[in-house]
Amino acid sequence: MGTQAPPSPDAHINGTKKSKEQQKIDDWLPITSSRNAKWWYSAFHNVTAMVGAGVLSLPYAMAELGWGPGIAVLVLSWIITLYTLWQMVQMHEMVPGKRFDRYHELGQHAFGEKLGLWIVVPQQLIVEVGVDIVYMVTGGKSLQKFHDTVCTDCKKIKLTYFIMIFASVHFVLSQLPNFNSISGVSLAAAVMSLSYSTIAWGASVDKGKQADADYGYKSHSTSGTIFGFFSALGDVAFAYAGHNVVLEIQATIPSTPENPSKKPMWKGVIVAYIVVALCYFPVALIGYWAFGNSVDDNILITLSKPRWLIAMANLFVVVHVIGSYQIYAMPVFDMMETVLVKKLHFPPGIILRLITRSTYVAFTMFLAMTFPFFSGLLSFFGGFAFAPTTYFLPCIMWLSIYKPKKYSLSWITNWICIVLGVLLMIVAPIGGLREIIVKAKTYKFYS
């Protein structure tokens, strides 16, 4: 267990010591309450945050993009997001004696107290709440697929009920106080993500290239192809979305001037990104190779045999999205509890935690039951909020804080990321929204 830097890195605000009351509140809040994580906590938290439901839609994204653009987008996204993640890890402790434990705190340092809050918090909330809604849908759909695969003669049960069953787990797990307390859940989730990804591409290899595998674009109209392309970009953006919780994960690692938290954090990130590559590339490329453009928006739905293996893979997905939901919910809990305790002066305690967190779980469950358009949700959220927080906001902060020399390598690299990220933010939600509208035409509520 590491030692704290004396005084604790966040024990001073603007040069004045925090009051004991203030410190007590910080010791209670989820993000700052525990700082004894090891580097491997960073590895599996990042895997759990990154490798989510998005990996299962990558063959579908490839079908919308085609071989050349698809591979280019996947590789570019991997490189750009690793670079922006490195920037965030570096910026966590760039001010001596201070730690930016939350994304919005870094935003406030870069853009100013008020503007930083308004730039970062809405986007971060859209990402985290959006991911949790999508994971509610994914958890429910995977439970339904497991039930239908194991019990073919059973009566069909509505997706709504499966989402409620999935949500019931979170009413319990959401009461765990902080990141370190969910490390067991997160580790199980990280192992599961590697397992079901391996099953997805392994079963595709076993099936081999299908006789009717067509590698042309899914849509036969030009407009459909363009919108599909936009939508697929959003799917890929969604798949690389771990940045929204990276500072909060780093905040749990101990730090001293001799051994800053960025060293163990970066070690964990590298391991996580290797795992991400091992999950993403085989699933995307082999899934598309086997089925062509007839692949579903969730590869496990396309793979129906062997039954026992697909049932197991769906169960693995359920366990994984349970962990992922918690990783993304923790910063939201932290924001809610910070406002209630620091601004509205509610007394911190079990009752406050029980009410706020249960309300949040119920809210995400309700929205998931109402709008379960899986792939449309992925690309809409992927473009609308993930592109800024993952692809270019860290670059803007870097330029704003470090001010690299014009036309230097750092300056050029950051501007390339910003331009690509802004384009992604503009086009991906258009494709996602169109897909939601198309699916909504034939949709029956709470079916």
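Residues numbered from 1 in each chain as written. Predicted model: local features only at pLDDT ≥ 70, side-chain atom pairs only at ≥ 80, totals over all residues. Heavy atoms only, no water.

Our working rule: UniProt positions are given in the numbering used here, feature names are shortened, and annotations may be inferred rather than shown by experiment.
If you check an unreviewed UniProt entry, the chain appears there as Lysine histidine transporter 1 from Acorus calamus. Within the UniProt record for the chain, the comment given under Subcellular location (unreviewed entry) is "Cell membrane". The UniProt entry for the chain carries the following comment under Sequence similarities (unreviewed entry): "Belongs to the amino acid/polyamine transporter 2 family. Amino acid/auxin permease (AAAP) (TC 2.A.18.2) subfamily."

Side note on the overall build of the chain
For clarity, the threshold we go by: Each helix is a run of DSSP H or I of at least 4 residues and each strand a run of E of at least 2, with the numbering of both proceeding from the N terminus. Radius of gyration here is computed from C-alpha atoms only, and the compact-globule reference equals 2.2 Å multiplied by the residue count raised to the power 0.38. Exposure categories follow from relative accessible area, calculated using a 1.4 Å probe and restricted to protein chains: below 20% of the type maximum is buried, above 50% is exposed, and the middle band is partly exposed. The contact criterion used throughout is that any non-hydrogen atoms of two residues lie within 4.5 Å. Positive charges are assigned to Lys and Arg, negative charges to Asp and Glu, while His and the chain termini are left out of the count. Throughout, a charge is located at the NZ atom of Lys, the CZ atom of Arg, the CG atom of Asp or the CD atom of Glu.
Along its length, the chain carries 16 helices and 2 strands. Relative to the compact-globule value of 22 Å for 447 residues, the chain shows a C-alpha radius of gyration of 22 Å, a close match. Based on the C-alpha atoms only, the size of the chain along its principal axes is roughly 70 × 55 × 40 Å. Here the chain holds 447 residues, and the buried ones make up 57% of them. The contacts in the chain between residues at least 6 apart in sequence include a share of 85% that link residues at least 24 apart. Here the chain contributes 34 positively and 24 negatively charged side chains, and the mean placements of these two sets differ by 2 Å.

Side note on the confidence of the model for the chain
As a note on interpretation, predicted positions should not be read in detail where pLDDT is low. Here is the rule we go by: Confidence of the predictor at the level of single residues is given by pLDDT, which spans 0 to 100.
When pLDDT is averaged across the chain, the result is 84; 91% of the residues are at 70 or more. In the model of the chain, strand β1 (residues 12-13) stands out as the element of lowest mean pLDDT, 42, in contrast to helix α7 (residues 159-173), which has the highest, 94. Segment residues 1-16 is flagged for pLDDT under 50; beyond a separation of four residues in sequence, or across chains, it makes 30 contacts in the model.

Let's talk about the pattern of salt bridges
Which entries qualify depends on this criterion: By definition, a salt bridge exists where a carboxyl oxygen of Asp or Glu is found within 4 Å of a side-chain nitrogen of Lys or Arg.
Here the structure, examined in full by the defined rule, presents 7 salt bridges. For the salt bridge of R99 with E93, the shortest nitrogen-to-oxygen distance reads 3.9 Å. Residue E93 is classed as partly exposed on the basis of its relative accessible area, which comes to 23%. For the salt bridge of D334 with R102, the shortest nitrogen-to-oxygen distance reads 2.5 Å.

Some points on a nonpolar patch on the surface
The following threshold applies: For patch detection, residues must exceed 30% relative accessible area and be free of salt bridges, and they are connected within 9 Å for like charges or within 5 Å for nonpolar side chains (Val, Leu, Ile, Met, Phe, Trp, Tyr). Shrake-Rupley sampling with a 1.4 Å probe provides the accessible areas, and residues are treated as covered by the protein chains on show and by no other component.
A contiguous nonpolar surface patch, about 770 Å² in accessible area, is contributed by L76, Y407, I412, W415, I416, V419, L420 and L423. Note that I412 resides in helix α16 (residues 409-440). Looking at I412, the relative accessible area reads 37%, which means it is partly exposed.

Topic: the environment of S174
Just so we agree on the cut-off: Identification of polar contacts relies on pairs of N or O atoms within 3.5 Å, with a donor-acceptor requirement for protein atoms, meaning one able to donate a hydrogen and the other able to accept it, and with residues adjacent in sequence counted only if both atoms are side-chain atoms.
Position of S174 among the secondary structure elements: in the loop between α7 and α8 (183-207). Residues S174 and F229 lie 55 residues apart in sequence; the distance between their C-alpha atoms is 37 Å. Here the side chain of S174 touches H170 through a polar contact of 2.8 Å, landing on its backbone oxygen.

Observations concerning α8
Selection criterion: By this rule, a helix spans an expected 1.5 Å times one less than how many residues it contains.
Taking 1.5 Å of rise per residue, the 25 residues of α8 would be expected to cover 36 Å, and the 36 Å separating its terminal C-alpha atoms lies within 8% of that figure. Looking only at α8, the buried set comprises S183, S186, A189, A190, M192, S193, Y196, S197, I199, A200, A203 and S204. Buried residues along α8 sit in contact with α2 (39-50), α11 (262-291), α12 (299-302) and α13 (307-343). Positive phi shows up at G208, right after α8, with a value of about 75 degrees.

Remarks on the nonpolar core
Formally: We define the nonpolar core as a collection of buried residues of types Ala, Val, Leu, Ile, Met, Phe, Trp, Tyr and Cys that are connected through side-chain atoms lying within 4.5 Å of one another.
Residues M136, Y240, Y280 and M397 are the most contacted members of the largest nonpolar core, which totals 121 residues. Sorting elements by how many residues they give to this core places α13 first, with 15 residues. Sequence-distant contacts of M397, that is, excluding residues within four places in its chain, are made with M91, Y103, L106, G107, A110, F111 and V120. I25, L29, L340 and L352 belong to the second-largest nonpolar core, a separate cluster that totals 6 residues.

Side note on the environment of I80
Following the sequence through the fold, I80 ends up in helix α4 (residues 67-91). For the pair I80 and L420, spaced 340 residues apart in sequence, the C-alpha separation works out to 9.6 Å. Sequence-distant contacts of I80, that is, excluding residues within four places in its chain, are made with Y391, C417 and L420.

Some remarks on the state of the cysteines
Convention followed: Criterion for a disulfide: a pair of cysteine sulfur atoms at a distance within 2.5 Å.
Applying the stated rule across the entire model yields 1 disulfide. Residue C151 pairs covalently with C154 via a disulfide, S to S 1.4 Å. Judged by the sign of its S-S torsion, about 55 degrees, the bond between C151 and C154 is right-handed. The structure places no disulfide on C417, whose sulfur is separated from the nearest cysteine sulfur, that of C395, by 4.2 Å.

Quick word on the packing of helix α9 (residues 222-239) against α16
Cut-off, in case you're wondering: Each axis is a line fitted through C-alpha atoms, taken for helices only over the stretch in contact, and angles between the N-to-C directions span 0 to 180 degrees. Under this scheme an angle from 65 to 115 degrees is roughly perpendicular, one under 35 degrees roughly parallel, and one over 145 degrees roughly antiparallel; angles in between are oblique. Left-handed describes a crossing in which the near helix is turned anticlockwise from the far one by less than a right angle; the clockwise case is right-handed. Only Asp, Glu, Lys and Arg are considered charged, only Ala, Val, Leu, Ile, Met, Phe, Trp, Tyr, Cys and Pro nonpolar, and every remaining residue, Gly among them, polar.
Packing of α9 against α16 leaves a shortest axis separation of 7 Å and a crossing angle of 110 degrees. Between α9 and α16, the angle falls in the class roughly perpendicular. Handedness of the α9/α16 crossing: left-handed. Touching G224, F227, F230, S231, L233, G234 and A237 of α9 are L424, V427, A428, I430, G431, G432, R434 and E435, all from α16. When grouped by side-chain class, the residues that make up the contact of α9 with α16 number 8 nonpolar, 5 polar and 2 charged.

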